[in-house]
Amino acid sequence: MYRVHLAEGTTHAKARAKEVLAIEDKYPMLSSGLDTKAEVTQYTSQIDFILEDLFTPVLQKNEIKIATIPFDQFIMKSTERYDAITKIAGPGFDLQLNDFNEDQFYIMGCSVILNVFYGYKTDFRRPFYYDIPDANGIMRHYRVLYNGDFIEIEKTDKAVEITKEDVAELLDNFDNIAMWKEKFPKDGWKFKGFVIANMYDATTDVSLSDFKANLLQNDTKDHNFIEEFQTILRAIFNLPAIQVGYSIFNAEEKTFERPPALLNVSSYLLHNNKSAPCNTTLCEYSYDYLLKEHQMYAISDVDRMVSMYPDNKLYKKLAVQEIKSAIITPIVSEGELFGMMEIVSPNAQELNSINAHKLQDILPFLVDTVRRSKEKEDNEMELLIQQECTSIHPSVHWKFKKEAERVLRGRLDGEEVSYREIVFKDVYPLFGQIDIKGSSEARNTATKHDLILQLQEVKSIISKVSKDEALPIYEQMMFRIDGFLTDINTNLQVDSERRVLNFLKNDVVPLYDHLQTKSKKLNDLIKEYYTLLDRDKGFIYKHRKDYDESVMLINKTMASILDKKQEGAQEMYPHYYERFKTDGVEHNLYIGESITKQDSFNRIYLYNLRLWQLQAMCEMENSFYQLKEKLWVPLDVASMILAFNSSLALRFRMDEKRFDVDGTYNARYEVVKKRVDKAMVKGTDERITQPGKITIVYSQKSDELEYLKYVHFLQSKNHLGEDIEILELQDLQGVSGLKAIRVNVLYNRGAKDKAYYTYEDLMKEISSH
């Protein structure tokens, strides 16, 4: 190169070439080659002079550059900045490429030979880094860029010739160092010349990469996460004294909460508190900036701000903790705030609004990780609620979630905690039911018809068999069948069905198995009998199926109407709601301050819910009588509402996984609920509940007056008729003094029918079709 410059270069280039070539003439071994490191050291001044063009004097304090022997850490020349960096690292510091071992060095040399000498394209390029600590103890990461323009490769007599087959084999066996050494034996190739290594500080890039990897590998609830994250932030900011804190944002309570102790992370916003309202934790300005605008908030000099605004609670709180500068960053995803990341420093102006923008590179990844962690926590809470409490109505879910949070945080803090019973005090109960009248009698009738039908079929077959084979046992079996038929027709007992089914299973089925082998005629006869049986149940299920499907259709329709109307009722004012399907549909409603959590309850919402309930029962009655013509079994319903004047406590029983009223006095309400629909009108044998009417049971005169207002209102809407009865109930076991309002319901045949019918009119109308 210098000889070319001497012949064709500029005046300056010729002069420089002449000086370098003069050294070569004087020291020819610099061109022919030096064999040892000692020889390189001996000619250090001459090598420095020759390499001066690659190590420009004016860039000595700026560039990080070294010249080394190929595949060796021996440094021939370096810049002043490199020397300063390694001097800070200390005399015992050993410069080594990060994550790069001797075997990889060997394979890289082989790859260079394949590329340069043989012309194969084997791309071994990857980022190379030197890790060198600075004066603050922060590990700096320097990216290395190698220049191999000044090396030559020489093949020796010990080299093995490389074929295409060898290359194909090597390409599939990168990690097989023994194979590489077999194809490229030691001393088979020589690398002559030197390598130039340029470096630059890539600490921020490496730290960001480490941060992303750390987020993927670890949960933010891992106790090592904050420590590793803090180390990365110190490297990004190049500030060894900064600390990282975090405050969890509780959206429901509008509070900040300290992370669990297991995470070993402080909350500088909360200081010594476990939780605190957001508006008392932050000043007005920072509250708007962080919670409303979701912007970073930087305080470069806390002491200065305290002197300017001595009453500012945020500045005073930071000053007490000897924090001199801080950056508070909201962690937000799609408008949802998860918490506040707090970066603080004991030095004024170290953290400020300028270097705060370094966080822009890491925030998207941090936010995504916190969001995933929050989703995982929510799933864990829901799992805990489901395990402890089964399904929970949305109106009270907040309290179960709060208890689940307490349990999970306690466990993270290493405490032995269990799920406590949930109690809602001072709530008002409302109970209602639409009950299928005579359901037991209808069920027994269906059972009777199915048993008689099956016994008659069995008797018919045995009678035919006995004509062909007159065995006394057949006569005895028909005698037993006749006995069953007589009992069922005259007086169906609780165990009648069980006794008949046992007879069929133990006596008839084995007989039929035997008879099917005797002749094709009997086999066909018995097969025809089996087609009458329900495949899953194993017996005739015709009339009972009609009954069961009728009840199921009633329950499904009534429950669907109630659930749909509940959506509108919840929008009026939140309350607890549950319903049960039995022979009809029952529902419980509870309303009060402790359920809604907000200081907003007024008795007007109780009155509104009572009116809503009565109106909903009217609509369910109408829906049933529009459905009645479609039923397989003719059934009737009767509706009832139980009014309870006092508030009570509602407790969730953890062992039974259900809500129940709390306290001895309140238990009276449950007793009345279970017994009142079977109650009689005092002095008669007439049931208090009747088809075509809604019965409202109560004990206080004030309840009577209140519900009569609702009745009169619904009469004006053509939901209820004019027939109002005020009745006394016969005393129930342990309960006396109950009364009832009983009022007839007005019906119509659908949206197109503008007429309104009483129950009696409707029955006549239905029967006429």
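Shown above is the structure to which this text applies.
Quick look at the structure, then. Within every chain, residues take consecutive numbers counted from 1 along the sequence as written. Where totals are concerned, whole chains, interfaces and linings use all residues; where local detail is concerned, this predicted model gives features only for residues with pLDDT of at least 70, and gives and counts side-chain atom pairs only at 80 or more. Based on all heavy atoms of the structure, the side-chain values leave hydrogens and waters out of the count.

What follows concerns the overall build of the chain. In this description a helix means any DSSP run of H or I spanning at least four residues, a strand means any run of E spanning at least two, and both kinds are numbered starting from the N terminus. If you tally the helices and strands in the chain, you get 27 helices and 22 strands. For each residue, the accessible area found with a 1.4 Å probe, counting protein chains only, is set against the maximum for its type, and the residue is called buried under 20%, exposed over 50%, and partly exposed in between. Buried residues in the chain amount to 45% of all 769 residues. By the convention used here, residues are in contact when the closest approach between their heavy atoms is within 4.5 Å. Sequence-distant contacts in the chain: of pairs separated by 6 or more residues, those separated by 24 or more amount to 64%.

With that settled, the discussion passes to the pattern of salt bridges. Pairing between side chains becomes possible if they bear opposite charge and their charged atoms approach one another. Whenever a carboxyl oxygen of Asp or Glu lies within 4 Å of a side-chain nitrogen of Lys or Arg, that contact is scored as a salt bridge. Evaluated as defined, the whole model comprises 32 salt bridges. One salt bridge connects aspartate 482 with lysine 459, and the closest N-O pair in it is separated by 2.6 Å. With aspartate 482 in helix α19 (residues 472-490) and lysine 459 in helix α18 (residues 439-468), this pair connects stretches of sequence that are 23 residues apart. The salt bridge partner of lysine 682 is glutamate 728, with a shortest N-O separation of 3.8 Å. With a gap of 46 residues between them, lysine 682 in the loop between α25 (667-675) and β20 (693-698) and glutamate 728 in strand β21 (residues 720-728) connect regions that are remote in the sequence.

This part covers helix α26 (residues 701-716). Under the convention used throughout, the expected extent of a helix is 1.5 Å for every residue step, that is, one less than its residue count. For α26, spanning 16 residues, the distance from its first C-alpha to its last is 23 Å, which sits close to the expected 22 Å at 1.5 Å a residue. Those residues of α26 lying buried are Asp703, Glu704, Glu706, Tyr707, Leu708, Tyr710, Val711, Leu714 and Gln715. Taken together, the buried residues of α26 touch α24 (603-627), β17 (636-643), β20, β21 and β22 (739-745). With its phi angle positive at about 65°, asparagine 718 sits one or two positions after the end of α26.

What counts as an axis is a line fitted to C-alpha atoms, over the stretch in contact for a helix, and the angles between N-to-C directions run from 0 to 180 degrees. Where α19 contacts helix α20 (residues 496-515), the two axes come as close as 12 Å, and the packing angle between them is 150°. What the angle tells us is that α19 and α20 run roughly antiparallel. Relative to α20, the crossing made by α19 is left-handed. Between α19 and α20, the residues in contact are Tyr474, Met477, Arg480, Ile481, Phe484, Asp487 and Ile488 and Arg499, Val500, Phe503, Asp507, Val508, Leu511 and Leu515, respectively. Each residue is assigned to one of three groups, with Ala, Val, Leu, Ile, Met, Phe, Trp, Tyr, Cys and Pro labelled nonpolar, Asp, Glu, Lys and Arg labelled charged, and all others, Gly among them, labelled polar. Its residues assigned to classes, the contact of α19 with α20 comprises 10 nonpolar, no polar and 4 charged. In these notes the angle categories are as follows: under 35 degrees is roughly parallel, over 145 is roughly antiparallel, 65 to 115 is roughly perpendicular, and the rest is oblique. The handedness criterion is simple: a crossing whose near helix is rotated anticlockwise from the far helix by less than a right angle is left-handed, and one whose near helix is rotated clockwise is right-handed.

On to the pairing of strand β13 (residues 336-345). In terms of burial, β13 is largely enclosed, as 9 of its 10 residues are buried. What makes two strands pair is DSSP finding at least two bridges between them. As paired elements, strand β8 (residues 243-250) and β13 share 6 bridges and run antiparallel to each other. For valine 244, the partnering residue across the bridge sits in β13 and is isoleucine 343. Taken together, the 9 bridges between strand β12 (residues 325-333) and β13 define a ladder with antiparallel strand orientation.

Taken together, the 6 strands give an open sheet; going across it, the order is β10-β9-β8-β13-β12-β11, and neighbouring strands pair in antiparallel fashion. At either end of the open sheet lies a strand with only one pairing partner, and these are β10 (275-277) and β11 (297-299). Between one strand axis and the next, the sheet turns by 20° as a mean value, whatever way the strands run. Here helix α11 (residues 225-237) sits on the sheet in contact with β8, β12 and β13, set at roughly 120° to β8.

The values are spatial; any link to function lies outside them.
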